[in-house]
Amino acid sequence: MSDKDALAGTSTLTTRLLLRVVSDRGGEEAVERLLDRAGMPGDRDRLRRLSGRVPYSTKLQLFDAAVHELKDPRIGLALGRAAVADPALAMLRRVTTAFGSPSAVLRQVSRISTRLDSAAVFRCLSTDRGTAELVWCVMPPHHPTRVDCDYNIGMLMQVPVLFGLPPAVVDHSVCQVEGASECAYTVTWQGTGPARWWHRLGRRSAAPIPPQGCGTAAEQRLESLQEATTDLVSGDSLGATLDRVATRADRAVHAPGHVLDVTLPGGERHVRSRGLGASALAALGDSRLQPGCHRIGGTQVLAVPVTSATRDYGVLAVVAWPGQALFPGDADALNAYARHAAAAIEMTALLTEARDQEETARLLLSVARSLAGRRTARDIAQAVADAVPTLCGADRASVALWEPGAQAVWMAGLSGWPPGLAEQAAGYVTDTEESPELGELVATGAPMLVDRSSSDWARAMLEQFGVSAMGAVPIKADDRLVGIVLAHWVAGDPPATLGDGLAERLWGLAGLAGVALDNVQLLDEIRQHSLHDSLTSLANRALLEARLRTALTRPASPNGQVGLLFCDIRRLKRINDSLGHGAGDVVLQEVARRLRSVVREQDTVARYSGDEFVVLLPDATDRSVREVAARIHRSLSTPLSADGHDVFVDLAIGIAVTEAPAGEPDEAAQALVRRAAQDMDGVRNGGPVSPAGGDGRREGLRLETDLHGAVDRGEVEVHLQPQVEIATGRVVAVEALARWRHPDLGYVAPDVFVPIAEASGQIQDIGIHVMQEACRVIAGWRAEGLDLEVAVNVAAVQFTDPGFTDVVSCVLAQTGLPGARLTLEVTESQVFSEVAARHGHLERLRAMGIGLSVDDFGTGYSSLAQLHRLPVSEMKVDRAFTAGLHDGAPSPLVAGIVGLGHGLGLRVVAEGVETAAQLRALRAMGCERAQGYLFGRPDTPAALRGQLLAKARSSLSPSAA
């Protein structure tokens, strides 16, 4: 206990005596100077009161100032004579002489001293006729002075004088001022003359204290009690009444300290202490103080019950130093005061409850009026959240709406939150599996207070949002949980419990919210705004956008980026049309399951729209995002079972990764989604479209399913068609063509299965297989002396693969075929619309010596500038133009194409040559090469090999020439 905390424990009787001595010696001017020197000008009347109190340090300041004013260091001795002479102290002198003798008075020195100064302990060790041994000790944190010791000596000297005897002789042999633990006084006096008569009278008296003395003491106690209990209830708050009760206890029974420990009907415990009472409470710890006399932590305590006619509230106690004694009537006075205190507490509690109920009714009426105009769940939640801080004194508030399907809550209304935390809270979602407290509230429907002593989840959540405690009350409509009212405390001490008053207010608010939601039939909107897709149980768009904003504003690591995959199921409509929407729903559910299986726990998979999914990858890198996309593709490599059918699906996946620090969260989130969607559109549009034909939707779906794995099963074969040099008639090259031999249907026409392969994404596997097989065959023929070139068709989607050039290089290395013997054919529309702008494949392939042919030239929309810019080496005239050639009617269009190719330095190859007349026309135009049924149909490598070896050096027939 510091000096600042020291109580006003010294009676103003002492300061009154000091000012009287100074006035007697130097007049009132000396008193004024003394007060100025002590720093207490204008306090003369207060310091002359008979019943006031001042701190011990104030007494020492006044002693020091008096010594300087009167130049008398032993001025303390004079205070005893002043006490005998002061007319105002006549009643005190009568009470003292009522003890009957100097010995009896000195034996009661502890009680008398405690009344005059509770900062010190005065004890009588022994008394004998004419002598007494006493000790005196000033308690920490105070330290005595020599003047204080002289004050004790002067008072002890005057005790015999009260009984008509000469002053006593006081021997001060040991002094606390000089370092001793306490002062020791030996008091001797002469018991002759009138004293013997008084002593005999005292011995003959039946009562140890004369009736006059008892009356005056009782009157003094009654006066002190009346003063203490006056205005205990003044219409203030309950806290003010409790403070007043604890403070005024000193007027009822003066002591170094007091403790008030009460519990109100609502269960709230209130503890007040003053002075030495704080030490007793600290020593008690978690234990409650009980009525009776106790030794607690170096103090002695007298505790009495605080009880009204209807209720036991707790205890009121005086706390004293060991050795300080109370008068016999002090316990009765303390009990009487405690009964008054109980009545005051009860009356104040009733007044407070009435005021609270009135205020609650007023506030709830105001909320009810504001809710009347609300028409959405969010508006109602916001109005309720705005009312919570005013209603219960919380620092912040929120209203969470309940999603029964996911057993989760999401924040629909916030009040009092700073902007940064408000954004986090708006996107916060938790469920009963994650939060034990939420599970308990859902199960019991009872209010609860969550603080740092609750579960690990609760501690982490409170720490995340800077909250010390949170009160939660369920919102119900027709006895169904629809939400939770949440009150958050940040600053100051949160409530220890949700007491009756606080819980009643929050219940009232929750009841209004439930009625509002029910009356406007907003439960459908709550479900609509729930955060998970009902079909797949994935996060929906609202939850995705909230978590995306959170990921952008609170990255998990300083260097972490946020990645987004925008996924579209190819040809879901075909499945719906072929097998029904029920099968389509099964496909959506299985795709959702496989997407969840390849991401981390902190990632979010959301169903964005009908056949679109979005995967949110916080704390990611560009490489890790692309690895997830690859895992998704691999997860869909096996068929899905839908309505008894095996179905293969593929996703067009767009990728976007944050490239710079995020700006405004909403704009940054929208921009990232937009980039991923645009990239997905590029991937989807860059691939082929679904075929249109007369096979029927169900047959097409069967072919697509059967085509999966056809390469691995050896069903996809490579056939070769010869390509001749027109000038010599020699076979100089072959074109590799894919053929699918279905185990049940036989050979499926290329114009049927190729569009299916392109639409389903299987064309890449088929294309690589054809290239590997063709290069292997031609390399083997070269080793046998049959040196030919080979042309392989490449789908545009293959050029979108960043690693396509590396794949071609690997095929050439594995087969040993020189790059100059390979030509890659791409249709005119594909090469100019997509490939030229992607990855630099054309330049790298040409650098390897590989030829690049523009297939079906004339059917697209190329320009001279494009042809001149791209590193192509050959163009092929489409069969539609070749079909119109004959001897008598040469085609200016074909001639123009051939002339264009020659002008650009390109080799020109004509497709679909079926007649000698067409061949002659092409020769006349200067076309270098031709292929078509005139020279041979596509056939197996083995069959064509025999023909080529026999005719390798033959020339064209005379009729063809």
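Look up a bit, the structure's there.
The present account deals with the structure reproduced in this document.

Definitions and limits used
Residues numbered from 1 in each chain as written. Predicted model: local features only at pLDDT ≥ 70, side-chain atom pairs only at ≥ 80, totals over all residues. Heavy atoms only, no water. Buried < 20%, exposed > 50% of the residue type's maximum accessible area, 1.4 Å probe, protein only. Helix = DSSP H or I, 4+ residues; strand = E, 2+ residues; numbered from the N terminus. Pairing = 2+ DSSP bridges. Axes fitted to C-alpha atoms, helices over the stretch in contact; angles between N-to-C directions. Parallel < 35°, antiparallel > 145°, perpendicular 65-115°, else oblique. Contact = heavy atoms within 4.5 Å. Nonpolar A, V, L, I, M, F, W, Y, C, P; charged D, E, K, R; others polar. Core = buried A, V, L, I, M, F, W, Y, C linked by side-chain atoms within 4.5 Å. Phe/Tyr/Trp six-rings, centres within 6.5 Å; stacked < 30°, edge-to-face > 60°. Lys NZ or Arg CZ within 6 Å of the ring centre and 35° of its normal. Expected span 1.5 Å × (residues − 1).

1. Some points on the pairing of strand β12 (residues 396–403)
Okay, so step 1: Among the eight residues that make up β12, eight are buried, leaving the element largely enclosed by the rest of the structure.
Okay, so step 2: Side chains of β12 alternate between two faces, with Arg396, Ser398, Ala400 and Trp402 and Ala397, Val399, Leu401 and Glu403 buried alike.
Okay, so step 3: Across six bridges, β12 lies against strand β17 (residues 480–489) in antiparallel orientation. Along β17, the bridge assignment pairs Ala397 with Ala487.

2. Here we look at the packing of helix α3 (residues 56–70) against helix α8 (residues 146–157)
To characterise two packed helices, one gives the angle between the axes of the helices and the distance between these axes.
Okay, so step 1: For the pair α3 and α8, the least separation of the axes is 9 Å and the interaxial angle reads 95 degrees. If you check the angle between α3 and α8, you find them roughly perpendicular. When α3 is examined against α8, the residues Tyr56, Lys59, Leu60, Phe63 and Val67 are found in contact with a partner set consisting of Val147, Asp148 and Tyr151.
Okay, so step 2: Here the residues of the contact of α3 with α8 sort into six nonpolar, no polar and two charged.

3. Concerning the nonpolar core
Okay, so step 1: Trp781, Val790, Val792, Val808, Leu822 and Leu824 are the most contacted members of the largest nonpolar core, which totals 71 residues.
Okay, so step 2: Ranked by residues supplied to this core, first place goes to helix α27 (residues 763–783) with 10 residues.
Okay, so step 3: Ignoring any residue separated from it by four or fewer positions in sequence, one finds Leu822 in contact with Cys775, Val790, Val792, Val808, Leu812, Ile850 and Gly851.
Okay, so step 4: By size, the runner-up hydrophobic cluster in this structure holds 63 residues, among which are Leu364, Cys392, Leu449 and Val473.

4. A closer look at the packing of aromatic side chains
Okay, so step 1: With the rule as written, the count across this model stands at seven aromatic pairs.
Okay, so step 2: Between Tyr428 and Phe465, the ring centres sit 5.3 Å apart and the planes meet at 85 degrees, which makes this aromatic pair edge-to-face. On the criterion of sequence distance, the pair formed by Tyr428 in the loop between α15 (419–426) and β14 (429–431) and Phe465 in helix α17 (residues 456–465) is long-range, its members being 37 residues apart. Each member of the pair, Tyr428 together with Phe465, is buried.
Okay, so step 3: In this structure an aromatic cluster arises from ring pairing among Phe122, Trp136 and Tyr185.
Okay, so step 4: The cationic tip of Arg541 hangs over the ring face of Tyr608; the distance from NZ or CZ to the ring centre is 4.0 Å.

5. Topic: the pairing of strand β13 (residues 408–415)
Okay, so step 1: Among the eight residues that make up β13, eight are buried, leaving the element largely enclosed by the rest of the structure.
Okay, so step 2: For β12 and β13, the ladder comprises seven bridges, and the chain directions are antiparallel. When the sheet's bridge partners are listed, Val399 is paired in β13 with Gly413.
Okay, so step 3: The turn joining β12 and β13, which pair antiparallel and follow one another in sequence, is formed by four residues; a positive phi near 55 degrees is taken by Gln407.
Okay, so step 4: By the bridge criterion, three bridges tie β13 to β14 in an arrangement that is antiparallel. Following the sheet pairing, Val409 is matched in β14 by Thr430.

6. Quick notes on the environment of Ala676
Okay, so step 1: Among the secondary structure elements, Ala676 is positioned in helix α24 (residues 665–686).
Okay, so step 2: Take Ala676: its relative accessible area is 0%, and that puts it in the buried class.
Okay, so step 3: It is 9.1 Å that separates the C-alpha atoms of Ala676 and Gly563, two residues lying 113 residues apart in sequence.
Okay, so step 4: Residues within four places of Ala676 in sequence aside, it is in contact with Leu564, Phe566, Gly654, Ile655 and Ala656.

7. Digging into α8
Okay, so step 1: In a regular helix each residue adds 1.5 Å, so 12 residues correspond to 16 Å; α8 covers 16 Å between its end C-alpha atoms and thus fits that length.
Okay, so step 2: The element α8 is largely enclosed, with a buried count of nine among its 12 residues.

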